[in-house]
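# A closer look at the structure
Listed below, chain by chain, are the residues.
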Amino acid sequence: MHDLLATASAVADGVLELRRDLHQHPELGLDNPATQQRILDALDGLPLEIRTGIGLTSVVADLDGASDGPTILLRADTDALPMSEDSGEPFCSQVDGRAHACGHDAHTAMLVGAARLLADRRSDIHGRVRFMFQPGEEGKGGAGVMLDEGVLDGVDRAFAIHITPNLPVGWAACRPGPLMASTDEMHVTVRGRGGHASMPYLCTDPVPAMATMITTIQTAVTREIDPFDPALVTVAHVEAGTTTNVIPETAFFEGTIRCVSEQTRRRIREAVERVCTQVAAAHDCTAEVDLVEGYPVTVNDAGEAARFAGICEATLGAQSFVPLPSPVMGGEDFSMLLQRVPGAMALLGVCPADIADAREAPPCHSNRMRIDEAGLRHGIALHAAMALDR
Ligand code: NI
């Protein structure tokens with residue numbers, strides 16, 4: 001396996017160039033046509049069977065090995081975030097209000113590198129490797145669209161890497177069971193009766209009702225949820241009223257609900273709905289509670305997570321593997337694939353070289369997020385190793 005890292009280094013130059021090119025031209029959501037074209041150009045000439053998406057600009061490329069065997073899917077996401085970039089990199093985003101701040105440019109480039117590497121080692125492959133390039137990870141559920149378009153047909157196992165600047169270069173992390181959280185949204189409108197702020201007794205004020213809901217939801221989290229199977233609720237946006245002397249007719253708040261088990265997810269959703277409806281009633285108001293289902297919990301197969309740990313040490317060297325003690329509360333639509341086939345997602349360290357403590361590196365989704373591109377070859381090698389080992 002050690003030679004995989006050397007082989008990965010040999011293709012790393014082209015991968016770095018592709019990553020910077022994607023980084024300068026970020027695209028959002030399900031529609032990433034320029035990114036798709038760059039992927040197709042980069043795969044051109046390789047012995048792959050390629051098809052593109054219908055409802056989104058995906059690329060699926062199959063590499064058949066020397067003999068029959070299982071099909072392993074390797075996935076990279078391709079979309080960027082609607083935000084500005086202040087990384088200070090010379091190759092920073094050239095599009096206002098768009099940035100590759102979650103490293104999906106690196107994921108895409110690493111997977112192209114893995115395709116090149118594995119195409120060269122076709123004779124070592126027993127079975128088929130499917131390369132999945134997926135737009136729309138950031139809230140658009142691109143994985144679900146690709147599932148509907150058959151990306152998992154015939155697939156036995158699935159694997160993906162997510163980079164993180166909060167781990168040193170040369171390290172990778174994984175864990176069996178939940179790796180990332182579910183990501184439901186709540187949107188609550190509290191309806192009262194507006195009027196003069198000096199005469200609340202002639203109105204029905206939705207503001208104290210909303211305030212009570214927000215604090216009671218947090219009480220429900222601590223009183224109704226097992227602390228070892230946690231839920232996290234953040235009210236991130238609150239709106240009511242227009243000025244000091246008018247009681248508004250409505251108040252509104254919204255936020256996110258994160259869990260690491262489907263059981264707790266059901267429970268906290270019920271609690272949010274109940275608290276909002278009944279607190280509203282107690283205040284003679286009504287509440288419209290809109291719970292929007294997001295991504296499910298990302299659950300790694302225990303066997304695949306253990307296999308990754310072994311492959312990581314064999315590929316990147318002893319002590320390169322970090323067993324994650326707990327899940328992270330971010331979300332991932334790779335979860336939808338892991339609901340259907342066994343597999344794993346791993347986190348790859350790309351902490352910038354000038355930051356001594358990786359915990360202090362600007363994380364994914366930060367406008368200042370940067371990566372050390374030395375980690376790209378590790379990602380290429382790990383992708384390839386997960387396919388070859390199978
Ligand atoms: Ni991401």
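None of these values were measured; they are calculated from a predicted model. (Residues numbered from 1 in each chain as written. Predicted model: local features only at pLDDT ≥ 70, side-chain atom pairs only at ≥ 80, totals over all residues. Heavy atoms only, no water.)

Let's shift gears to the domain arrangement of the protein. One frequently used descriptor of interface size is the decrease in accessible area upon assembly of the parts. Segmenting the protein into domains produces domain 1 (2-179 + 297-388) and domain 2 (184-292). Centre-to-centre, using C-alpha coordinates, domain 1 lies 38 Å away from domain 2. At the interface, seven residues of domain 1 touch seven residues of domain 2. Both sides together, the interface formed by domain 1 and domain 2 hides about 570 Å², and carbon and sulfur atoms give 66% of it. Applying the counting criterion to the domain 1 and domain 2 interface returns zero salt bridges. On the surface where domain 1 and domain 2 come into contact, there are two residue pairs in polar contact (both at pLDDT 80 or more). (Domains from an automatic or database assignment. Contact = heavy atoms within 4.5 Å. Buried area = accessible area lost by both parts, 1.4 Å probe. Salt bridge = Lys/Arg side-chain N within 4 Å of Asp/Glu carboxyl O. Polar contact = N/O pair within 3.5 Å; in protein donor to acceptor, adjacent residues only side chain to side chain.)

Let us look at the pairing of strand 2 (residues 59-64). Counting buried residues along strand 2, five of its six residues qualify, which places the element largely inside the surrounding structure. Pairing analysis gives four bridges linking strand 1 (residues 49-52) to strand 2, with the strands arranged antiparallel. Considered in strand 2, the bridge of glutamate 49 is made with aspartate 62. What sits between strand 1 and strand 2 in their antiparallel hairpin is a turn of six residues. Where strand 2 lies against strand 4 (residues 126-134), six bridges are found, and the strand directions are antiparallel. Bridge assignment links aspartate 64 to a residue of strand 4, and that residue is arginine 128. (Buried < 20%, exposed > 50% of the residue type's maximum accessible area, 1.4 Å probe, protein only. Helix = DSSP H or I, 4+ residues; strand = E, 2+ residues; numbered from the N terminus. Pairing = 2+ DSSP bridges.)

For the rest of this paragraph, the subject is helix 3 (residues 104-120). The end-to-end C-alpha distance of helix 3, which contains 17 residues, comes to 25 Å, matching closely the 24 Å that a straight helix rising 1.5 Å per residue would cover. Burial within helix 3 is extensive, with 15 of its 17 residues counted as buried. (Expected span 1.5 Å × (residues − 1).)

Our next topic: the coordination of the nickel ion. Donor atoms from the polypeptide that bind the nickel ion are Cys102 (SG), His104 (NE2) and His162 (NE2), placed at 2.1 to 2.3 Å. Of note, the nickel ion draws all its donor residues from one chain, in the sequence arrangement C-x1-H-x57-H. Summarising the burial analysis for this pair, cysteine 102 and histidine 104 share the class buried. (Donors = N, O, S within 2.8 Å, 3.2 Å for Na, K, Ca; no water.)

Tallied over the entire structure, the rule returns 22 salt bridges. In this structure, the salt-bridge partner of aspartate 184 is arginine 265, at a minimum N-O distance of 2.7 Å. Of this pair, aspartate 184 sits in strand 8 (residues 182-191) while arginine 265 sits in helix 6 (residues 262-282), placing them 81 residues apart in sequence. Judged on exposure class, the residue aspartate 184 and its partner arginine 265 are both buried. When the shortest N-O distance is used, the salt bridge between aspartate 184 and arginine 269 registers 3.3 Å. Placement of aspartate 184 in strand 8 and of arginine 269 in helix 6 is noted, with a sequence separation of 85 residues between them. For aspartate 184, a relative accessible area of 1% gives the class buried. Overlapping salt bridges, with partners in common, bring together Arg51, Asp62, Asp64, Arg128 and Arg130 in one network.

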